[in-house]
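Coordinate analysis (summary)
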Amino acid sequence: MNYVKKQELKRQYKVEIFKGIQVINNENYDFIDSRQFFPTPEDACKYIEKLKLKLENDWVIRYFKRSEEDWDLLEIIN
């Protein structure tokens, strides 16, 4: 297995933490504070549980799963 395939296996699930919206040139963008990748849903869920204990109310956690070339949003946690 080559390096690219190993990296892809490690990046099957993604957890993002973001706060509010940034406006750049009249376009809205999420203000991403952190983005982490995980090989299994269990690893991602453990990370999310830790985040929920640490973060204040004004942060949002988004949980994604890789599908082909794109990311599917699985859950938004406020």
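Look a little higher up for the structure.
A brief report on the enclosed structure follows.

Basis of the calculations
Residues numbered from 1 in each chain as written. Predicted model: local features only at pLDDT ≥ 70, side-chain atom pairs only at ≥ 80, totals over all residues. Heavy atoms only, no water. Helix = DSSP H or I, 4+ residues; strand = E, 2+ residues; numbered from the N terminus. Buried < 20%, exposed > 50% of the residue type's maximum accessible area, 1.4 Å probe, protein only. Contact = heavy atoms within 4.5 Å. Areas by Shrake-Rupley, 256 points an atom, 1.4 Å probe, with all protein chains shown as cover. Patch = residues over 30% accessible without salt bridge, like charges linked within 9 Å, V, L, I, M, F, W, Y side chains within 5 Å. Salt bridge = Lys/Arg side-chain N within 4 Å of Asp/Glu carboxyl O. Lys, Arg positive; Asp, Glu negative; His and termini not counted. Charge placed at Lys NZ, Arg CZ, Asp CG, Glu CD. Polar contact = N/O pair within 3.5 Å; in protein donor to acceptor, adjacent residues only side chain to side chain. Core = buried A, V, L, I, M, F, W, Y, C linked by side-chain atoms within 4.5 Å.

**Remarks on the overall build of the protein**
In terms of regular secondary structure, the protein is built from 2 helices and 4 strands. Moving toward the C terminus, one meets the helices and strands of the protein in the order α-β-β-α-β-β. A burial count over the protein gives 24% of its 78 residues as buried. Counted over contacts in the protein with a minimum sequence separation of 6, partners at least 24 positions apart contribute 47%. With the model as given, the accessible surface of the protein reaches about 6,100 Å², and the carbon-plus-sulfur share is 48%.

**A look at a negative patch on the surface**
Judged by side-chain charge, Glu68, Glu69, Asp70 and Asp72 come together as a negatively charged surface patch. Mapped onto the secondary structure, Asp72 falls in strand E4 (residues 70-77).

**Some words on unusual backbone geometry**
The backbone of Glu68 shows a phi angle near 55 degrees, a positive value even though the residue is not glycine. Relative to the helices and strands, Glu68 is located in the loop between strand E3 (60-67) and E4. When its relative accessible area of 74% is taken as the criterion, Glu68 is described as exposed.

**Some details on the side chain of Glu16**
Locating Glu16 in the fold gives a position in strand E1 (residues 13-24). The exposure class assigned to Glu16 is buried, which follows from its relative accessible area of 4%. Looking at Glu16, its side chain comes within polar contact range of the side chain of Arg62, at 2.7 Å. Excluding anything up to four places from it in sequence, Glu16 contacts Ile32, Ser34, Arg35, Val60, Ile61, Arg62 and Phe64.

**Quick look at the nonpolar core**
Grouped together as the largest cluster of nonpolar side chains are 11 residues: Tyr13, Val15, Ile17, Phe38, Ala44, Ile48, Leu51, Trp59, Ile61, Tyr63 and Ile77. Elements with a contribution of two residues or more to this core: E1, helix H2 (41-54) and E3.

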